[in-house]
Amino acid sequence: MSETRSDGELLRAVAADGDRRAFEELYRRYAPWLTARMRSRCADAGIVDDVVQETFLAVWRGSARYREDGDAAGWLWRIASRRLVDALRGAGARGRLRQTLARLRHRDEASAEDRVLAGVEHGDLAGALVRLSPELRAVLQATVVDGLTTREAAVLLGIPPGTVKTRAMRARRQLREALA
């Protein structure tokens, strides 16, 4: 009968000895959970799979250090959420906007959002989005495109909820001015 090791014991074994079995056990415990959480934040399964792999690769390589006083799941989530933000920033606002608009065009019934977007020149909207700072675009991505709450966006982006609200307000104001 094998003894089940705690998360902390597994992480120490990976960090100290490069224990492959400990790493595999940690992966089996957390990869499905982390994948499910990431997929609720990002619709692109390819990006999510890459983020989960990069998260565990960081654990294996030791570039992400675990503090024994913390929760392993929370620690893995912080690594993964930062990697997701980086991946989404790397994909570029134009590509995400094109994908979103393409999905909107293929719906059977137009929603209120569809009708508003249909009334706006897509090039003007894309240009206005590109002119936003990366920080403001990341907040819009998290709250509008991904549909996260302010609190969830704050966790994903690693900033306080108040900052999410302020940046969202600033982004909306800048978009209104650019499209007026």
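Please refer to the structure higher up on the page.
The following paragraphs examine the structure supplied in this document.

Thresholds, definitions, all that
- Residues numbered from 1 in each chain as written.
- Predicted model: local features only at pLDDT ≥ 70, side-chain atom pairs only at ≥ 80, totals over all residues.
- Heavy atoms only, no water.
- Axes fitted to C-alpha atoms, helices over the stretch in contact; angles between N-to-C directions.
- Helix = DSSP H or I, 4+ residues; strand = E, 2+ residues; numbered from the N terminus.
- Parallel < 35°, antiparallel > 145°, perpendicular 65-115°, else oblique.
- Left-handed = near helix turned anticlockwise from the far one by under 90°.
- Contact = heavy atoms within 4.5 Å.
- Buried < 20%, exposed > 50% of the residue type's maximum accessible area, 1.4 Å probe, protein only.
- Arc of directions from axis to C-beta.
- Phe/Tyr/Trp six-rings, centres within 6.5 Å; stacked < 30°, edge-to-face > 60°.

1. Points about the packing of helix 2 (residues 20-39) against helix 3 (residues 45-61)
As a packed pair, helix 2 and helix 3 sit with axes 10 Å apart at the nearest point and diverge in direction by 150°. The angle between helix 2 and helix 3 falls in the class roughly antiparallel. Helix-helix and strand crossings are classified by hand; for helix 2 and helix 3 the assignment is right-handed. Contacts between helix 2 and helix 3 involve Arg20, Phe23, Leu26, Tyr27, Tyr30, Ala31, Leu34, Thr35, Met38 and Arg39 from the former and Ala45, Val48, Asp49, Val51, Val52, Gln53, Thr55, Phe56, Val59 and Trp60 from the latter.

2. Looking at helix 1 (residues 7-17)
Restricting attention to buried positions, one finds in helix 1 the residues Asp7, Gly8, Leu10, Leu11, Ala13 and Val14. Phi for Gly18, located one or two positions after helix 1, is positive at around 65°.

3. Digging into the side chain of Thr55
Within the secondary structure, Thr55 sits in helix 3. Of the residues examined, Thr55 reaches a relative accessible area of 0% and is grouped as buried.

4. Re helix 9 (residues 150-157)
Every buried residue belonging to helix 9 is among Ala153, Ala154, Leu156 and Leu157, and all of these are buried. Projected down its long axis, helix 9 carries its buried residues within an arc of 165°, all on one side. Positive backbone phi, approximately 70°, marks Gly158, located one or two places after helix 9.

5. What to know about the packing of aromatic side chains
As enumerated under the stated definition, the model contains four aromatic pairs in all. Geometrically, the ring pair formed by Tyr30 and Trp33 is edge-to-face, given 6.1 Å between the ring centres and 75° between the ring planes. Here the residue Tyr30 and the residue Trp33 both occupy positions in helix 2, the gap between them amounting to three residues, near one helical turn. Residue classification places Tyr30 among the buried residues on the basis of a relative accessible area of 12%. Of the residues examined, Trp33 reaches a relative accessible area of 31% and is grouped as partly exposed.

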